[in-house]
Each structure stands twice: as C-alpha cells, then as structure tokens.
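Remarks on the overall topology
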Amino acid sequence: KQEVTQIPAALSVPEGENLVLNCSFTDSAIYNLQWFRQDPGKGLTSLLLIQSSQREQTSGRLNASLDKSSGRSTLYIAASQPGDSATYLCAVIPSNTGNQFYFGTGTSLTVIP
Amino acid sequence: ETGVTQSPTHLIKTRGQQVTLRCSSQSGHNTVSWYQQALGQGPQFIFQYYREEENGRGNFPPRFSGLQFPNYSSELNVNALELDDSALYLCASSLGGGVNTEAFFGQGTRLTVV
C-alpha cells in the first residue's frame with residue numbers, strides 16, 4: 001500500500017526566506033503527484049501537478065520537483081510571505097489504482113512578518 | 001475559484017442519523033471523488049464516480065454510499081452515523097477518471113456527529 005510522508009510536520013520561518021518542503025512516497029509506480037495548499041478548516045487549493053514523465057513544474061514563486069525512482073518530491077517556495085501561511089499537502093496517484101490520491105499528513109507553514 | 005461547490009458547509013447530526021452531502025463538479029469535468037479528512041490528518045479516499053458509475057472505493061463501510069447524476073454532480077450519503085464520522089468531507093472534480101489530470105477540490109463540508 002502506498003504511504004506518503006511529509007517532513008517537517010511544522011515549519012516557522014521569517015518573511016522573505018526561501019524554504020523547501022519534503023514529500024516521500026513508498027511506491028515509485030505513480031501516475032502523478034500533486035501539491036495542495038489548505039487554509040484552516042477549508043478545502044484544498046491545487047498548487048502544482050507533476051506528471052510521472054516530468055521532473056519539475058513551476059508556478060510563480062513555487063517550484064516542485066519529482067524524483068520518482070527515489071520516491072521523493074520537494075516544494076520550493078521563494079521569498080516567503082505571511083500569506084503563504086497554510087498547510088501544504090502532497091498527494092500521489094499510484095499506477096495500480098489510477099483513481100485515488102494518497103495524501104501525506106501535511107506540513108504546517110507559518111511565515112512570520 | 002475552482003468551480004467545485006459543496007453544500008452544506010457545516011452540519012451537525014446525532015449519532016444514528018443519516019446525512020446527505022452534495023457536490024457540484026467543475027464545468028466540463030465528468031469525475032467526482034469524495035474524501036474524508038479527520039482533524040490533523042490527510043484526506044482519505046472514500047470513492048470515485050466516473051460518468052455516473054462507481055470507479056473505485058476506499059476502505060469505508062457500505063453505509064457510505066454515493067451517486068452521480070447526469071450533470072456529473074454527486075451526493076455522498078452516510079447512514080447510521082457514528083461519532084468517528086465527524087470530519088471534513090471533501091469533493092474533488094477532475095476529467096477522465098483523474099489520471100494525469102489536475103484535480104480541483106471544493107471547500108468541504110464540516111460534519112459533526114454528537
């Protein structure tokens with residue numbers, strides 16, 4: 001069964017700092033990996049989708065990389081802002097199911113002004 | 001704004017009751033998936049509907065059931081509610097079964113069972 005782990009569980013940084021969030025998964029046979037943002041008590045906002053054939057995706061200050069063979073992905077946030085404070089979740093769709101996300105438990109990010 | 005809407009946003013039910021949650025998918029999307037998110041946890045897959053047929057189910061008992069309508073909106077029904085069913089229920093919309101396509105989530109329904 002696919003297991004997704006996110007480290008660290010919580011992170012607090014001063015405004016302006018660059019930071020990296022980590023995601024690892026146990027089975028490298030995946031269709032894609034998606035990063036989400038979740039504000040307290042709210043739904044998920046899609047940040048980046050990386051398909052299995054891709055190595056990275058970028059959107060604005062966000063860059064996500066995927067190393068399928070080692071079962072790892074990173075989300076890089078440049079020049080962090082207080083508005084980036086949220087929980088960041090990564091999720092994979094395994095090739096053998098093809099229809100369900102397996103989520104990590106998230107990294108809770110606080111950006112201090 | 002993702003276009004995925006869920007109703008209601010909050011709900012309080014008594015143990016043993018039944019509840020129906022609703023989801024309208026994003027325009028053009030034919031696939032709806034439901035997830036349960038307990039406090040402090042990542043979402044857990046309940047089931048998926050693709051073109052009105054169930055297309056996969058997670059490790060949830062039969063009292064969790066669903067439906068997808070011709071307009072691709074969907075319902076999640078939970079019978080015989082238990083205290084542990086208290087959670088945020090999320091609906092995700094995608095195209096073509098969700099493989100290799102981006103999924104968009106609604107704002108969720110917070111269910112409290114007392």
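Residues numbered from 1 in each chain as written. Chains lettered and ligands numbered in written order. Predicted model: local features only at pLDDT ≥ 70, side-chain atom pairs only at ≥ 80, totals over all residues. Heavy atoms only, no water.

A closer look at the sheet that holds strand 3 (residues 19-25) of chain A
Strands pair in a sheet through their backbones, by hydrogen bonds, and they do so in one of two ways: parallel or antiparallel. Residue and element names in this part refer to chain A. Test applied: Think of it this way: DSSP has to see at least two bridges between two strands before they count as a pair. Every helix listed is a DSSP run of H or I at least four residues long, and every strand listed is a run of E at least two residues long, numbered separately from the N terminus. Note on definitions: angles span 0 to 180 degrees between N-to-C directions of axes, and those axes are lines fitted to C-alpha atoms, for helices only across the stretch in contact.
Read across the sheet, 5 strands follow the order 1-3-8-7-6 without closing on themselves; strand pairing throughout is antiparallel. Each edge of the open sheet carries a strand with a single partner, namely strand 1 (4-7) and strand 6 (56-59). Across the sheet, the mean angle separating the axes of adjacent strands is 15° when strand polarity is ignored. The pairing of strand 3 with strand 8 (residues 72-77) spans 6 bridges and is antiparallel.

Describing the interface of chain B and chain A
So the rule is basically this: The contact criterion used throughout is that any non-hydrogen atoms of two residues lie within 4.5 Å. When a carboxyl oxygen of Asp or Glu lies within 4 Å of a side-chain nitrogen of Lys or Arg, that pair is called a salt bridge. What qualifies as a polar contact is a pair of N or O atoms within 3.5 Å, subject to a donor-acceptor requirement within protein and to the restriction that residues adjacent in sequence count only when both atoms come from side chains. Each residue receives one of three labels: charged for Asp, Glu, Lys and Arg, nonpolar for Ala, Val, Leu, Ile, Met, Phe, Trp, Tyr, Cys and Pro, and polar for the others, Gly being one of them.
Between chain B and chain A, the contact holds 25 residues from the first and 21 residues from the second. Taken together, chain B and chain A are joined by 0 salt bridges. The interface formed by chain B and chain A holds 5 residue pairs in polar contact (both at pLDDT 80 or more) in total. Counting only elements with at least two residues in the side of chain B that touches chain A, the list comes to strand 4 (31-37), strand 5 (44-50), strand 6 (53-57), strand 9 (87-94) and strand 10 (104-105) of chain B. Here the side of chain B that touches chain A gets 3 residues from one element, more than from any other, and that element is strand 4 of chain B. Class assignment of the residues belonging to the side of chain B that touches chain A gives a composition of 9 nonpolar, 14 polar and 2 charged.

Points about the nonpolar core
Cut-off, in case you're wondering: Buried residues of nine kinds, namely Ala, Val, Leu, Ile, Met, Phe, Trp, Tyr and Cys, make up a nonpolar core once their side-chain atoms join them within 4.5 Å. Only protein chains enter the calculation, and the probe is 1.4 Å; a residue is then buried if its accessible area is under 20% of its type maximum, exposed if over 50%, and partly exposed in between.
Residues A:Leu33, A:Trp35, A:Leu75 and A:Tyr88 are the most contacted members of the largest nonpolar core, which totals 24 residues. Non-local contacts of A:Tyr88, meaning those with residues more than four positions away in its chain, are made with A:Gln6, A:Leu21, A:Phe36, A:Arg37, A:Leu47, A:Leu75, A:Ile77, A:Gly106, A:Thr107 and A:Leu109. Listed in part, the 20 residues of the second largest apolar core include B:Trp34, B:Val78, B:Leu81 and B:Cys91.

Description of the state of the cysteines
Heads up, the condition is: A pair of sulfur atoms, both from cysteines and within 2.5 Å, is called a disulfide here.
Throughout the structure, instances matching the rule amount to 2 disulfides over all chains. Through a disulfide, A:Cys23 is tied to A:Cys90; the S-S separation comes to 1.9 Å. Residues A:Cys23 and A:Cys90 are joined through a disulfide that is right-handed, its torsion about the S-S bond being 70°. Residue A:Cys23 is located in strand 3, and its partner A:Cys90 is located in strand 9 (residues 86-94); the two are separated by 67 residues in the primary sequence. Linked covalently through their sulfurs, B:Cys23 and B:Cys91 form a disulfide whose S-S length is 1.7 Å. Measuring the twist about the S-S bond at about -50°, one finds the B:Cys23-B:Cys91 disulfide to be left-handed. Of this pair, B:Cys23 sits in strand 3 (residues 19-24) while B:Cys91 sits in strand 9, placing them 68 residues apart in sequence. Note on B:Cys23: relative accessible area 2%, which makes it buried.

Structural measurements only, silent on function.
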